Amino acid sequence: MRAVIVAPGYSEKMPLLNEYYPISMVPFLGKPFLQHIIESIINLGIQKFDFVLTHLPETIENFFGDGKRWGCEFTFHLVKSVENAYQVLDLVDFSEEETILLAHEAYLPQIQLEDTHVYCINSQDRTAWCGWAWLNAEKMPDIAKLHGFEKIHEHLIDIPHSTITKYLSIISYADLLDSAKKVLNKDFESLLINAKEIEPGIWLSRNVVLPSSTKIKAPAYIGENCRFDQNIHVNGNVVIEEGCIIEEKSTIENAVVFPKSYIGEALDLKNVIVDKNRLINTEFDAEIEIVDDFILGNLNNNVLKKTLLRAFSRALALVLFLFCVPLFLTTILVLKLFRKGPVFFRNSYVLLPTKRDENLWQSCKLTSFCPKESINTLSAQSHFFLLFVPSLWQVAKGKMHFVGVPPRNKDEVKNLPKDWRSLYTSSKCGVITEQYVKSLANTKEDIYASEAFYAVSAGFKQDLRLAIKYLGQVIFFRK
Amino acid sequence: MFTTETNNDILLITLTVDVLDASNNNDFKDQTSEVVKQQPKVLIDMSALTFIDSSGLGAILSCLRNCNENKGKLKLFAISKTVRTLFELVRMHKVFDIYNTKEEALASFGAK
């Protein structure tokens, strides 16, 4: 037997979280939801898995690896988009298999071993296929030709159906909260919770700091390494995942708090999902990113290392700028005397890294001696005098970095394709860019490749490598 | 840098270098721009490649553009783990059709 888990990772109903998680990797009582799916399928005796992935596949592949940890064999297939997800079924060799379990990442129904069977759920007063079915391997090429859930379901109409009541779903924020509630209230017993039930309906993991003033009403689950301050009320149907810090006098009810989240003082959280600085209210279907770290924050960042590097970079820029003041003034004088046209160019740019919400983008102005369209065609020496030296002041102010992606204004960032924008906004702006140092062409492909590559590989070593190469080009020559 | 063979009407490019970076990306661009004009269906065997940088990524993207301009299709298969992770991180899997094996890639062209 073999299982095919279709996990394209997108959910239209969870846009904010979906930016950071493929939906199957959403934390659910101590594990990604997909791990619960895999473990429940393993319990049915299946050891061979195929995964069909699209959105952020690296998070899934890196987490699950080759499956040996579960004594199984995992194969990952990449598809360009959700629409292509089922096409893979025509490419995989199922000749050795008789029965295939077709599963979908957003649902976990409680099922048994069958020959052929299709599982439906009642959702919003109608019965719909949940993406799970036991099928003959011969059916796979036919399904591969179909697009969309409903078409596939129509094709499976001659197979025995059943509507199941015991299932978990993470297709929307409300479903996620509801599913957590089902497990906490023991309405879905087959899920294994890795914590000790210290009182009926209260699960506590290891290494939790819980003062005596904390009041916990069942049901509640508290993940490992959580720290609670004084006078916190946990008022039932609450999941707090590992590594969270809850400050004093906060009240939490009917909520899920994702790993490594910081919850500030005296907050009243009800019917919400908190993921670090992201707050989702399921009652009003509203999602926001909080800017102030003292309200909701991320405990995952290596704050000290980043702060030290930032301070060092700013101090170095200030020293360099002071050292280069004579050069700066001489450049202005020479340009005033010999250049036809303006000497100064002021360009607005979005401060990076920034949030997903455009309303939270902050802009800044960069003054240089060259139009930004000509930057990549400048010789290294011109680049140094016309862009690098005047930008040092911005670096010293902490508004820019030595190395990074090229600065862009709000409209330019808005017009980037979605994935490009997502990588760009997670990176940092710099004077020295990968594209310039590596003399890449000014084509869309090369610009995307250089920015995307920098965005995912940036770090102290990468920055140092590019800075040294740039310095070499300034002192010697640039191809 | 690579070898080519034609299987039915599919051009199979097999990379023979283990690194695609600033040192050889222009050669790759120039050489592939010629060969992809000959066949509309192109497969690249990436199994030998163990490292790729931004210039290498740009070169493969430009090969795809050449192929698309020729109304052809370019697909990749057998990408090593390191390169595959980078491809996924920079979202290249949403631009290219990527397959695990040569058989799957050929099957996607309808040549089982």
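Because the structure is predicted, anything quoted here is derived from the model rather than measured.

Caption draft 1: Looking closely at the overall build of chain B. Counting its secondary structure elements, chain B contains four helices and seven strands. A globule of 112 residues ought to have a C-alpha radius of gyration of about 13 Å, and chain B, at 13 Å, matches this closely. Principal-axis analysis of the C-alpha atoms places the extent of chain B at approximately 35 × 25 × 25 Å. Out of the 112 residues belonging to chain B, those deemed buried represent 46%.

Caption draft 2: Geometry of the overall build of chain A. Helix and strand counts for chain A come out as 13 helices and 29 strands. With the principal axes as the frame, chain A shows a C-alpha extent of 85 × 60 × 40 Å. Split into buried and exposed, the 479 residues of chain A put 39% on the buried side. Counting only contacts in chain A whose residues sit at least 6 apart along the sequence, the fraction spanning at least 24 positions is 56%.

Caption draft 3: Local environment of helix H1 (residues 25–35) of chain B. Residues and elements named next belong to chain B. Of the positions making up H1, those classed as buried are Asn-25, Phe-28, Lys-29 and Thr-32. In an axial view of H1, the angular spread of the buried residues amounts to 100°, which keeps them on one side of the axis. Across H1 from its buried face, at more than 90 degrees, point the exposed residues Asn-26, Asp-30 and Glu-34. Elements that come into contact with the buried residues of H1 comprise strand S3 (19–20) and helix H2 (54–69).

Caption draft 4: Quick peek at the packing of helix H12 (residues 444–457) of chain A against H2 of chain B. Two elements in contact, H12 of chain A and H2 of chain B, have axes separated by 8 Å at closest approach and are oriented at 145°. Taken as a pair, H12 of chain A and H2 of chain B cross one another with a handedness that is right-handed. Contact with H12 of chain A, carried on its side by Glu-445, Asp-446, Ala-449, Ser-450, Phe-453 and Tyr-454 of chain A, involves Ser-54, Leu-57, Gly-58, Leu-61, Ser-62 and Arg-65 of chain B of H2 of chain B and no other residues of that element. Among the residues making up the contact of H12 of chain A with H2 of chain B, the classes are represented as five nonpolar, four polar and three charged.

Caption draft 5: Up close: the sheet that holds strand S7 (residues 97–99) of chain B. Residue and element names in this part refer to chain B. With respect to topology, five strands assemble into an open sheet ordered S1-S2-S4-S6-S7, the strand pairing being mixed. The sheet is open, and its two borders are formed by strand S1 (2–7) and S7, each paired with just one other strand. Averaged over all pairs of adjacent strands, the angle between strand axes in this sheet comes to 25°, irrespective of strand direction. The pairing of strand S4 (residues 41–45) with strand S6 (residues 73–77) spans five bridges and is classified as parallel. Each bridged residue has a counterpart across the sheet, and for Lys-41 the counterpart in S6 is Lys-73.

Caption draft 6: Quick peek at the sheet that holds strand S21 (residues 261–263) of chain A. In space, the four strands of this open sheet follow the order S16-S19-S21-S25 (chain A), with mixed pairing throughout. If you trace the sheet from one side to the other, it starts and ends with strand S16 (227–228) and strand S25 (296–298) of chain A, each paired once.

Caption draft 7: Spotlight on the interface of chain B and chain A. The interface of chain B with chain A comprises 23 residues on the first partner and 20 residues on the second. Of all the secondary structure elements, the ones that give two or more residues to the side of chain B that touches chain A are H2, helix H3 (81–89), S7 and helix H4 (102–108) of chain B. Among the elements that take part in the side of chain B that touches chain A, H2 of chain B stands out by supplying seven residues, more than any other. The residue makeup of the side of chain B that touches chain A, split by class, is eight nonpolar, eight polar and seven charged.

Caption draft 8: View of the packing of helix H10 (residues 418–425) of chain A against H12 of chain A. Residues and elements named next belong to chain A. It is the contact of H10 with H12, at a shortest axis distance of 9 Å, that shows an interaxial angle of 45°. Taken together, the axes of H10 and H12 are oblique relative to one another. Both H10 and H12 take part in a crossing whose hand is left-handed. Contacts between H10 and H12 pair Trp-420, Leu-423 and Tyr-424 from the former with Tyr-448, Glu-451, Ala-452, Ala-455 and Val-456 from the latter. Broken down by class, the residue content of the contact of H10 with H12 amounts to seven nonpolar, no polar and one charged.

Caption draft 9: Up close: the environment of Ser-40 of chain A. All names here are of chain A. By the element assignment, Ser-40 lies in helix H2 (residues 33–42). Ser-40 sits 151 residues away from Leu-191 along the chain, and the two C-alpha atoms are 7.8 Å apart. Once residues within four sequence positions are removed from consideration, Ser-40 is found in contact with Leu-108 and Ser-190.

Caption draft 10: Spatial organisation of the pairing of S6 of chain B. All names here are of chain B. Counting buried positions over the five residues of S6 gives four, a clear majority of the element. Pairing between S6 and S7: three bridges, direction parallel. Residue Lys-75 lies in a different strand from S7, and its bridge partner there is Asp-97. Taken together, S6, H3 and S7 constitute a β-α-β crossover, and its handedness is right-handed.

What counts, and at which threshold
Residue indices follow the written sequence of each chain, beginning from 1 at its first position. Ligands are numbered from 1 and chains lettered from A, in the order in which they are written. The predicted nature of this model means local features are confined to residues of pLDDT at least 70 and side-chain atom pairs, given and counted, to a pLDDT of 80 or more, with totals for whole chains, interfaces and linings taken over all residues. Secondary structure is summarised from DSSP: a helix means a run of H or I of at least four residues, a strand means a run of E of at least two, and numbering begins at the N terminus for each. When we talk radius of gyration, it's over C-alpha atoms, and the globule rule is simply 2.2 Å times the number of residues to the 0.38. With C-beta atoms placed from the backbone, a residue is labelled by how many other C-beta atoms lie within 10 Å of its own: buried for 20 or more, exposed for 12 or fewer, partly exposed between the two. Note on contacts: each residue gets a C-beta atom placed from the backbone, and two residues are in contact if those atoms are within 7 Å. The directions considered for the arc run from the helix axis to the C-beta atoms. For helices, the fitted axis covers only the stretch in contact; all axes are lines through C-alpha atoms, and the angles between them, taken along N-to-C directions, range from 0 to 180 degrees. Should the near helix be turned anticlockwise from the far one by less than a right angle, the crossing is left-handed, and should it be turned clockwise, the crossing is right-handed. Ten residues, namely Ala, Val, Leu, Ile, Met, Phe, Trp, Tyr, Cys and Pro, are considered nonpolar, four, namely Asp, Glu, Lys and Arg, are considered charged, and the remaining ones, Gly among them, are considered polar. Two strands pair if DSSP finds at least two bridges between them. When an angle is under 35 degrees it counts as roughly parallel; over 145 it counts as roughly antiparallel; between 65 and 115 it counts as roughly perpendicular; any other value is oblique. Look down the strands so they point away from you; if going from the first strand over the helix to the second traces a clockwise path, that crossover is right-handed.

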